[in-house]
Amino acid sequence: MKKKLSRAAALVFATALSGAAFAATPASPDSAADGIAQYREMLSDGGNPAELIEMTGEDLWAEKRGPKNVSLEQCDLGAGPGVIKNVYAHLPRYFEDAGRVMDLESRLVYCMVNLQGMDEKEVTKKPFSGRGEYSTDMESLVGYVVGQSRGAPIAVPQDHPQEKAAFERGKQIFFFRGGPYDFSCASCHSAKGQRIRLQDLPNLTAQEPARQAYSSWPAYRVSQGALRSMQWRLNDCFRQQRMPNLKYGSQASVDLTVFLAVNANGGKMAAPGLKR
């Protein structure tokens, strides 16, 4: 049996936090960025709802499931079977058994299929929760594993030839322009001082802003009442560019994550973060 707070309770909790933050925010903050920073600080004072989802993920990690009726406790995320402490800070990376570079989500899918005997299409059919829904199994597992790397230095490897190739492909994707607006990831995230509405856009090609941005994802989004993974974050950026959706766990999505993660090397993981 999973130990989880009901979705309704979690949403009430998040809404209460949000309301308290807005009520306490000064009417005229020094800037929009300062106001948002105050908002996030006040939310964090009441706790991050992602912690509830992490608890569900912890149960799922140890629960015997799938046709083989085994747990994920022998899943190798890069530091040996079952080791999850600080592993997210070293992902994506090359996995010899799979013969390719994988991020956390694609690796979890690999373990669910190969260890537990689950069907890959079923596992990836709905990786993200919708509005009013509790977190999916994947979101819960991601929250649990990511939470075990809080405070760990980001050190995504570039030792294997495939890791280096993934970085170069990810860089090309980051700067590729396309879609009806002729946008790229770099259109919003390669210069200082850019903003969409009230949201500052970090320059992900510069070391410090790349560290700050990457280290806070995955994150709980208060406005959606959900923990959102890195795969979701990238897909949502593609949606805003009016580009075709990224296939979940595709090599392109992993490559782009490699580029962002390597740029953030040296930062310290602070995820799951808390977003508006």
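Being a predicted model, the structure only gives us computed values, none of them experimental.

Conventions used here
- Residues numbered from 1 in each chain as written.
- Predicted model: local features only at pLDDT ≥ 70, side-chain atom pairs only at ≥ 80, totals over all residues.
- Heavy atoms only, no water.
- Buried < 20%, exposed > 50% of the residue type's maximum accessible area, 1.4 Å probe, protein only.
- Helix = DSSP H or I, 4+ residues; strand = E, 2+ residues; numbered from the N terminus.
- Core = buried A, V, L, I, M, F, W, Y, C linked by side-chain atoms within 4.5 Å.
- Contact = heavy atoms within 4.5 Å.
- Salt bridge = Lys/Arg side-chain N within 4 Å of Asp/Glu carboxyl O.

Chemist: What exactly am I supposed to notice about helix α6 (residues 137-147) here?
Modeler: For an α-helix, 3.6 residues make a turn, and residues three or four places apart therefore share a direction. Along α6, ten of the eleven residues are buried, which leaves the element largely enclosed by surrounding structure. Among the residues making up α6, those that are buried are M138, E139, S140, L141, V142, G143, Y144, V145, V146 and G147.

Chemist: Can you help me understand the nonpolar core in this one?
Modeler: Generally speaking, a soluble globular protein has its nonpolar side chains buried in company with each other. Counting residues in each nonpolar core, the largest one holds 57 residues, and the members touching the most others are W61, L77, L104, L108, M138, F174 and Y214. Looking at this core, the element that brings in the most residues is helix α11 (residues 251-263), giving seven residues. Residues in contact with L77, not counting those within four places in the same chain, are W61, V83, I84, V87, L91, R93, F95, L104, R107, L108 and V145. Counting residues in each nonpolar core, the second largest holds seven residues, with I53, Y134, Y220 and L227 among its members.

Chemist: What exactly am I supposed to notice about unusual backbone geometry here?
Modeler: Apart from glycine, the bulk of residues carry a negative phi angle, and the bulk of peptide bonds sit in the trans form. Cis geometry marks the peptide bond from L91 to P92; its omega dihedral reads 0°. Position of P92 among the secondary structure elements: in the loop between α3 (50-62) and β1 (93-95). In this structure, N69 is a non-glycine residue whose phi angle is positive, near 50°. We classify N69 as partly exposed; its relative accessible area is 47%. Its identity as a non-glycine residue notwithstanding, R242 has a phi of 65°, on the positive side.

Chemist: Even after reading the chapter, I still don't get the pattern of salt bridges, so can you show me in this structure?
Modeler: In a structure, side chains of opposite charge can pair up when their charged atoms sit close to one another. All told, the structure shown has ten salt bridges when counted by the stated rule. Of the charged contacts in the structure, one is a salt bridge between D137 and R65, with a shortest N-O distance of 2.8 Å. A residue pair is termed long-range when its members are at least 10 positions apart, and D137 in helix α6 and R65 in the loop between α3 and β1 qualify at 72 residues. Given the relative accessible area of 12%, R65 is considered buried. With its nearest N and O atoms 3.3 Å apart, the salt bridge here joins K125 to E122. Its relative accessible area of 60% is what places K125 among the exposed residues.

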